[in-house]
Amino acid sequence: MQDPAYVGVAVMAMQGRPGYTRIRTPYVADADAARVAEGTSDLTADPDLCLDALLDSTGRTFPDDEGPGGAPVPLVK
């Protein structure tokens, strides 16, 4: 797994070990991964909050929500 196509994170079963093992290629120490994750945590967003904000800004609702007159409002026109 030394090719650039294999860069990232994988989960695999290993012989003689229960469950799964996460591997990073190329190898990144846990402390470095934690430092980067903490340093970039402000770049994350809750998808539900993003969808709610989008729906609010466009005046739309989820299809099972009732719109004006009690009729479902579709997400697309």
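Refer to the structure presented above.
One structure accompanies this document, and this report is about it. (Residues numbered from 1 in each chain as written. Predicted model: local features only at pLDDT ≥ 70, side-chain atom pairs only at ≥ 80, totals over all residues. Heavy atoms only, no water.)

To continue, consider the overall build of the protein. The helix and strand tally for the protein stands at two helices and two strands. Along the protein, helices (α) and strands (β) appear in the sequence β-β-α-α when read from the amino end. Scored against the burial criterion, the 77 residues of the protein give a buried share of 9%. Split by element, the accessible area of the protein, about 6700 Å² in all, is 59% carbon and sulfur. (Helix = DSSP H or I, 4+ residues; strand = E, 2+ residues; numbered from the N terminus. Buried < 20%, exposed > 50% of the residue type's maximum accessible area, 1.4 Å probe, protein only. Areas by Shrake-Rupley, 256 points an atom, 1.4 Å probe, with all protein chains shown as cover.)

Note that strand 1 (residues 8-13) and strand 2 (residues 20-25) share six bridges and pair antiparallel. When the sheet's bridge partners are listed, Gly8 is paired in strand 2 with Thr25. With antiparallel pairing between neighbouring strands as the criterion, strand 1 and strand 2 make up a hairpin whose turn holds six residues, including Gly16 at a positive phi of roughly 80°. (Pairing = 2+ DSSP bridges.)

What follows covers a negative patch on the surface. There is a patch of like negative charges on the surface, built from Asp46, Asp48, Asp52 and Asp56. Locating Asp56 in the fold gives a position in helix 2 (residues 47-58). (Patch = residues over 30% accessible without salt bridge, like charges linked within 9 Å, V, L, I, M, F, W, Y side chains within 5 Å. Salt bridge = Lys/Arg side-chain N within 4 Å of Asp/Glu carboxyl O. Lys, Arg positive; Asp, Glu negative; His and termini not counted. Charge placed at Lys NZ, Arg CZ, Asp CG, Glu CD.)

Looking at the secondary structure, you find Gly8 in strand 1. The sequence separation of Gly8 and Tyr27 amounts to 19 residues, and the corresponding C-alpha distance is 9.3 Å. For Gly8, the residues in contact, after removing those within four places along its chain, are Ile23, Arg24 and Thr25. (Contact = heavy atoms within 4.5 Å.)

Next up on the list: the pattern of salt bridges. Applying the stated criterion across every chain yields a total of one salt bridge. Salt-bridge contacts for Asp32 lead to Arg35; the nearest nitrogen and oxygen are separated by 3.6 Å. Residue Asp32 and its partner Arg35 are located together in helix 1 (residues 30-39), separated by three residues, close to a single helical turn. Judged by its relative accessible area of 54%, Arg35 falls in the exposed class.

Glancing now at helix 2. Its twelve residues place the ends of helix 2 17 Å apart at the C-alpha level, agreeing with the 16 Å of an ideal helix rising 1.5 Å per residue. In terms of burial, helix 2 is largely open, as just one of its twelve residues are buried. In this structure Asp46 caps helix 2, since a side-chain oxygen of it lies 2.8 Å from the backbone nitrogen of Asp48. Gly59 sits one or two positions beyond helix 2 and adopts a positive phi of about 75°. (Expected span 1.5 Å × (residues − 1). Polar contact = N/O pair within 3.5 Å; in protein donor to acceptor, adjacent residues only side chain to side chain.)

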